[in-house]
Each structure stands twice: as structure tokens, then as C-alpha cells.
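Chain by chain, the residues run as shown.
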Amino acid sequence: MDRPLSAAAERAAPRPLALLRAWFAIGTQSVGGGSSTLFLMRLFMVERRRWMTQREFLEDWALSRLSPGVHMVALAGLLGRRVDGSRGAALAVLGMMVPAGVITMLLTAGYGLVRDEPLVRAALAGTGPVTVGMTIGVTYALARTAVRRGRRAIIDWLVVVASAVAGFVVSSPFVVIVAGALIGALLLGRERKVPSESPMA
Amino acid sequence: MDALELFWTFLQASFLSLGGQTALPLLRQQLVDAGVVTDRQIIEALTIGRLGTGPGGLYMVSLAYFALGWIGAFVALVAITLPPLTILPLATTLRHQLLSAPFAGAVRGLALCTSGLVVSTTAFLIVPGTADGVNSWWQAVLLVAGVALGIEGKRHPMLIIAVGAVAGVLLSR
């Protein structure tokens, strides 16, 4: 097994069960999405257990934002590895994702039992627009963190708008995504943006 | 669509996204166009994802449940967990390259274009005149409020969804 990467963790190596318990708590107590998950991760890793420093946490947070897919999974893996090597990474990801995934499945199964009730259908007429609105708002906030400063921001927002328009006229999002990554590699890398939105902001 | 195809669909969407929500355009194209799930189920999955615990990207597990039941949900859980973990070996072996301008540009390009695609995808979900579209003034108000609160990011999603549910019960006929 590779060595833990955190000096703080080497001083007080946690037991696997303690690690698993912390990540289980994160996976089952963070309601509402990424921001509450991030809050609990920092609370457990830095404040309560003191398994790493604030700076180490921020380093992994910045790295996780370069990963494909769900960034919180990448962050769990990075933080877990920092605390207890490969074993820590495995415990962190499993400890968070398995209970949270099972809760989501149970919620979905439970919803399936009541979805055709008139009251539930009426509620969905309200939750639908507000949830779609939140999805758009959170995505805008995500795009804002990726946009560079100064005049280059205009180019970056044009890419967002062009992609949105392409979404209406191009049948395959895959083509748009590959084009976006290529254009980015060729034209959008000249200024590396320092993350402006710290999870502790 | 069988379990293996579903696994591949979610794995691919996850690999080509930055953050869980940006997988939505690819998932909608592959699942709705194939008749595996409906737009209504996408909206339902997004809502359940906000009400559940853990990362917001778990709406994909809910969506997979709609597509293929418990097997689909477990398959999707594995498929969306694997791609983010590629950062672990990359962070140690290619740390220098991860900080290079072309890579930073590719990540930025991916983030920007998938964000734009999410806007067009969500627009398809709420087209006025459709069964699940925004068909009344109060639904339009809820949509705009949802956008504003999503940008603000300070109110609890469960509270926002609860307000939407109450409004729906009181105002829909």
C-alpha cells in the first residue's frame, strides 16, 4: 500500500473503521448536493478529526475540479488517499457513495409507489420548474468559475452561448463536447484561472 | 437497453462531463431518444437527486432506476463512480501536465460547452405547450426563482423544492 500523503495523517493515522464511519456520515448527512457534501467533508477532515490541514484540503479540492464526472467523488478519493493511501481512497469513496446511492435508490423506489397520486402529480407541476431552474442556476455558477477574467471573459461566455445554440441545432451533444474540449485546448488555455470560489468562502 | 449498454451510457456521459449536472445533455440524448426514459422522468430524477444525500450527481442513479430498476441503479452507481477516480493516478504521475496551458484550456472548454448544453437540454424539458412544460405564469415564476436561488446557492435545495411542491398543489388544476 502506498504511504499516506498527509503529514497530519502520519501523526495520527486513523483506523479504517474510523475512516469509514466519517465517510458514511458524510454520505448520509449531506442533503441537497455538492455544496453540503463539501461542507461536511471539510468539517470531518479538517475540523473534527484533524486528519489534514486546511491547505491540504484546498489542494485536493482544486485538483478534484480537473477530474471528469462527479467532482465530489474525485475529492473523496484524493482526501481518502491523503489520509491513508489506497485503502483510505477506497474507504472514502465506498463509505460515501454506497450509502448515498442506496438512499437515492430507496427514494426513487418510494416515489414510484406514489407518483400517480393526484397530490404528487400536482406537486410535481411546481417542483419541476423550480428544480429545472436550480439546475440552470447551478450550471451558470459552474460556468462562471471556469470563465477567465478581463477581455477573455467575453470569448469564454461566447463559447457558452454558442454551445447552448448548438444544443438546439446539433443532434449529437458528443460532437459539441469534443469540439469544446479541442477549442479549449487550442484557444482557451492562455490564462490559468486561480480558483476564486473557495469551499470555505 | 440492457445493463451493459446502460453502464456504457453512464460511463461515457460521466467521462465527458465536468461535474454531475453536465452529464445531462448526453444522457438525455441517449436515453430519451432511445425511448428508455421520458423527459418527465429526467425532471423527477433531478428532483430526487436534490432531495437525497451525497453528491448532486446521484440524480443519475435515480434516472438509471427509472430505466432498468435496481440493477440499472447499481450499474449507474458504479459507472459514475469510476471516471472521477482517474484523477488519482493522474495527480501523481502527470501533475505537471495537469497544470499545463493546453490541459487547462481543454478543461475550461469542456466546462463552458457542457454548461451551454445543459441550458439547451433543460429548455427542452420545459417547453410550453407540453405536458411537463412551463404552461402557466406561476410555473414561470418558479422557474426564474429556481435559477436565481441556484446561482445564489445559499438556500437549502430541500426548502426550495418544498416551496415548489406547495405552490404546485395550491395552484395547479
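Rules used in this analysis
- Residues numbered from 1 in each chain as written.
- Chains lettered and ligands numbered in written order.
- Predicted model: local features only at pLDDT ≥ 70, side-chain atom pairs only at ≥ 80, totals over all residues.
- Heavy atoms only, no water.
- Contact = heavy atoms within 4.5 Å.
- Buried area = accessible area lost by both parts, 1.4 Å probe.
- Salt bridge = Lys/Arg side-chain N within 4 Å of Asp/Glu carboxyl O.
- Buried < 20%, exposed > 50% of the residue type's maximum accessible area, 1.4 Å probe, protein only.
- Helix = DSSP H or I, 4+ residues; strand = E, 2+ residues; numbered from the N terminus.
- Domains from an automatic or database assignment.
- Polar contact = N/O pair within 3.5 Å; in protein donor to acceptor, adjacent residues only side chain to side chain.
- Nonpolar A, V, L, I, M, F, W, Y, C, P; charged D, E, K, R; others polar.
- Core = buried A, V, L, I, M, F, W, Y, C linked by side-chain atoms within 4.5 Å.
- Expected span 1.5 Å × (residues − 1).
- Bend = angle between axes of the 7 residues up to and from the residue.
- Phe/Tyr/Trp six-rings, centres within 6.5 Å; stacked < 30°, edge-to-face > 60°.
- Patch = residues over 30% accessible without salt bridge, like charges linked within 9 Å, V, L, I, M, F, W, Y side chains within 5 Å.
- Areas by Shrake-Rupley, 256 points an atom, 1.4 Å probe, with all protein chains shown as cover.

1. Observations concerning the interface of chain A and chain B
Piece 1. On the side of chain B, 96 residues touch chain A, which itself brings 88 residues to the contact.
Piece 2. Contact between chain A and chain B buries roughly 7900 Å² in total, counting both sides, with carbon and sulfur atoms accounting for 75%.
Piece 3. Contact with chain B buries surface across chain A, with A:Met105, A:Met134 and A:Ile177 losing the most and accounting together for 9% of the total.
Piece 4. Viewed at the interface, chain B and chain A are joined by one salt bridge.
Piece 5. The partner of A:Arg115 in a salt bridge is B:Glu44, with the nearest N and O atoms 2.7 Å apart.

2. Section: the pattern of salt bridges
All names here are of chain A.
Piece 1. Taken as a whole and assessed by the stated rule, the structure comprises eleven salt bridges over all chains.
Piece 2. Note that Asp-116 is salt-bridged to Arg-121, the shortest N-O span being 3.4 Å.
Piece 3. For Asp-116, a relative accessible area of 58% translates into the label exposed.
Piece 4. Since its relative accessible area comes to 40%, Arg-121 is described here as partly exposed.
Piece 5. The partner of Arg-148 in a salt bridge is Asp-156, with the nearest N and O atoms 2.9 Å apart.

3. Observations concerning unusual backbone geometry
Piece 1. Within the chain, A:Arg50 stands out as a residue other than glycine whose phi angle is a positive 55°.
Piece 2. Mapped onto the fold, A:Arg50 is located in the loop between α3 (34-48) and α4 (54-64).

4. Some words on the domain arrangement of chain B
Residues and elements named next belong to chain B.
Piece 1. In terms of domains, chain B is made up of domain 1 (3-127) and domain 2 (136-173).
Piece 2. Domain 1 and domain 2 are separated by 24 Å when their C-alpha centres are compared.
Piece 3. Opposite the four residues of domain 1 that make contact, domain 2 presents four residues.
Piece 4. Carbon and sulfur atoms make up 86% of the surface buried where domain 1 meets domain 2, a total of about 380 Å² over both sides.
Piece 5. Per-residue buried area on domain 1 facing domain 2 is highest for Arg-50, Leu-51 and Ile-126; these three make up 89% of the total on that side.
Piece 6. Viewed at the interface, domain 2 and domain 1 are joined by zero salt bridges.
Piece 7. Scanning the region where domain 1 abuts domain 2 turns up zero residue pairs in polar contact (both at pLDDT 80 or more).
Piece 8. Of the residues belonging to the side of domain 1 that touches domain 2, the class tally is two nonpolar, one polar and one charged.

5. Overview of the nonpolar core
Piece 1. Formed by 86 residues in total, the largest nonpolar core has its most connected members in A:Trp23, A:Met41, A:Met45, A:Phe57, B:Phe10, B:Leu27 and B:Val37.
Piece 2. Ranked by the residues each element gives to this core, the list is headed by helix α5 (residues 71-114) of chain A, at 15 residues.
Piece 3. If we skip the residues at most four places from it in the chain, B:Phe10 touches B:Leu27, B:Leu31, B:Met60, B:Leu63, B:Ala64, B:Ala76, B:Ala79 and B:Ile80.
Piece 4. Ranked by size, the runner-up nonpolar core spans eight residues in total, among them A:Leu63, A:Leu78, B:Ile87 and B:Leu98.

6. Side note on helix α4 (residues 59-81) of chain B
All names here are of chain B.
Piece 1. With 23 residues, α4 extends only 13 Å from end C-alpha to end C-alpha; this falls clearly short of the ideal 33 Å at 1.5 Å per step.
Piece 2. Residue Leu-68 marks the point of greatest curvature in α4, where the axis turns by about 140°.
Piece 3. In terms of residue burial, α4 counts as a mostly covered element, since 17 of its 23 residues are buried.

7. Some details on the packing of aromatic side chains
Piece 1. In this structure the tally under the stated criterion is three aromatic pairs over all chains.
Piece 2. Aromatic side chains A:Tyr140 and A:Trp157 sit 5.5 Å apart centroid to centroid with 15° between the ring planes, which places their arrangement in the stacked category. Of this pair, A:Tyr140 sits in helix α6 (residues 118-146) while A:Trp157 is found in helix α7 (residues 152-169), placing the two residues 17 residues apart along the sequence.
Piece 3. Judged by relative accessible area, which is 35%, A:Tyr140 ranks as partly exposed.
Piece 4. A relative accessible area of 27% places A:Trp157 in the partly exposed class.
Piece 5. Ring centres of B:Tyr65 and B:Trp70 lie 5.4 Å apart, and the angle between their planes is 85°; on these two criteria the pair is classed as edge-to-face.

8. Here's the deal with the side chain of B:Asp39
Piece 1. Structurally, B:Asp39 is set in helix α3 (residues 39-51).
Piece 2. Sequence-distant contacts of B:Asp39, that is, excluding residues within four places in its chain, are made with B:Arg28, B:Val32, B:Phe124 and B:Leu125.

9. Here's the deal with a nonpolar patch on the surface
Piece 1. Taken together, the side chains of A:Val161, A:Val165, A:Phe168, A:Val169, A:Val170, A:Phe174, A:Val175, A:Val178, A:Leu182, B:Phe124 and B:Val127 present a nonpolar region at the surface, about 920 Å² in accessible area.
Piece 2. Listing elements by their share of the nonpolar patch, those giving two or more residues are α7 and α8 (173-187) of chain A.
Piece 3. Given a relative accessible area of 47%, A:Phe168 falls into the partly exposed group.

10. Observations concerning the environment of A:Gly77
Piece 1. The topology assignment puts A:Gly77 in helix α5.
Piece 2. Sequence-wise, A:Gly77 and A:Ala90 are 13 residues apart; in three dimensions their C-alpha atoms are separated by 6.9 Å.
Piece 3. Residues in contact with A:Gly77, not counting those within four places in the same chain, are A:Ala89, A:Val93, B:Leu85 and B:Leu88.

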